[in-house]
Amino acid sequence: MIRRPPRSTLSSSSAASDVYKRQGLEGSMKIFLKRDVPGVGKANEIKTVSDGYARNYLIPRGLAVPASTGQTKAAQEFAKSQQDREIRTRERSLQIVEQLKNSPLHFKAKAGEKGRLYGSITSADVAQAIGHVIGTSFDKRSLLMDRPIRELGEHKIALKLKGGVRGEARVVVESEA
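Residues numbered from 1 in each chain as written. Predicted model: local features only at pLDDT ≥ 70, side-chain atom pairs only at ≥ 80, totals over all residues. Heavy atoms only, no water.

Trainee: Describe the sheet that holds strand S6 (residues 143–144), listing the residues and the values that go with them.
Mentor: The four strands are arranged S4-S9-S8-S6 in an open sheet whose pairing can be described as mixed. Both outer strands of the open sheet, strand S4 (105–109) and S6, are each paired with one neighbouring strand and no more. Together, S4, S6, strand S8 (153–160) and strand S9 (166–175) form the strand contacts of helix H5 (residues 123–134), whose direction differs from that of S4 by roughly 135°. (Pairing = 2+ DSSP bridges. Helix = DSSP H or I, 4+ residues; strand = E, 2+ residues; numbered from the N terminus. Contact = heavy atoms within 4.5 Å. Axes fitted to C-alpha atoms, helices over the stretch in contact; angles between N-to-C directions.)

Trainee: Summarise the packing of aromatic side chains; cite the residues concerned and give the values.
Mentor: Using the criterion set out here, one finds one aromatic pair in the structure. Where Tyr 53 meets Tyr 57, the ring centres are 5.5 Å apart and the plane angle is 5°; that geometry is what we call stacked. With Tyr 53 and Tyr 57 both in helix H3 (residues 51–58), this residue pair falls four residues apart, about one helical turn. (Phe/Tyr/Trp six-rings, centres within 6.5 Å; stacked < 30°, edge-to-face > 60°.)

Trainee: Which residues make up the environment of Leu 105, and what values go with them?
Mentor: Residue placement: Leu 105 occurs in strand S4. Here the alpha-carbon distance between Leu 105 and Ile 130, two residues 25 residues apart in the chain, equals 7.4 Å. Beyond its immediate stretch of four places on either side in the chain, Leu 105 contacts Val 126, Ala 129, Ile 130, Val 133, Arg 170, Val 171 and Val 172.

Trainee: Give me the nonpolar core: which residues, what numbers.
Mentor: One finds Val 126, Ile 130, Phe 138, Leu 143, Leu 159 and Val 171 to be the most contacted residues of the largest nonpolar core, which totals 25 residues. Among the secondary structure elements, those contributing two or more residues to this core are helix H4 (69–102), S4, strand S5 (116–121), H5, S8 and S9. With five residues, H5 is the single largest residue contributor to this core. Discounting residues that sit within four places of it in the chain, Phe 138 has contacts with Ile 96, Ala 127, Ile 130, Gly 131, Leu 143, Leu 159 and Leu 161. One finds Val 40, Val 49, Ala 54 and Ala 64 within the second-largest nonpolar core, a separate group that totals 10 residues. (Core = buried A, V, L, I, M, F, W, Y, C linked by side-chain atoms within 4.5 Å. Buried < 20%, exposed > 50% of the residue type's maximum accessible area, 1.4 Å probe, protein only.)

Trainee: Account for H4, naming residues and giving values.
Mentor: One full turn of an α-helix is made of 3.6 residues, so residues set three or four places apart face in the same direction. The terminal C-alpha atoms of H4, which comprises 34 residues, lie 50 Å apart, in line with the 50 Å expected from a rise of 1.5 Å per residue. Among the residues of H4, Ala 75, Ser 93, Ile 96, Val 97 and Leu 100 are the ones counted as buried. In this fold, the buried residues of H4 make contact with strand S1 (28–33), strand S2 (46–50), H5, S8 and S9. (Expected span 1.5 Å × (residues − 1).)

The structure is reproduced here in structure tokens:
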């Protein structure tokens, strides 16, 4: 017959687990995410997750590693650089909107008697014209055009730029002589 000690002496009473209990971190672990994990966080972030989730899922699959002080500092530096990059992107987008507000884009195209164009002015054409105005390439996916422009006159095109900046570009279509 095997004798077991009473249950009260079986519970873990190590100093480390007492510290975790006092801090409310019992059963949790700080991890450094190597990749984006839906519902947890993005790559290069330090997160606190369940101990079992970290040991049985995240770490074996190479999605995370236990956090160390060096990785914590690296994550803070990465977050700071990411924030600086977002600020620069937003400022650049605001400059583009300001440039386009001051200068309309002019196009000349062949048109019929009633003002209908024989061709059309597409988002690629408008993006190329915006690129000439701002002095760099411009992505046509930033233009919110439902369909190509097919009539003479002034048209307003909505812009959705990086950094959450929205604006408007004026396009003036004139008839070729």
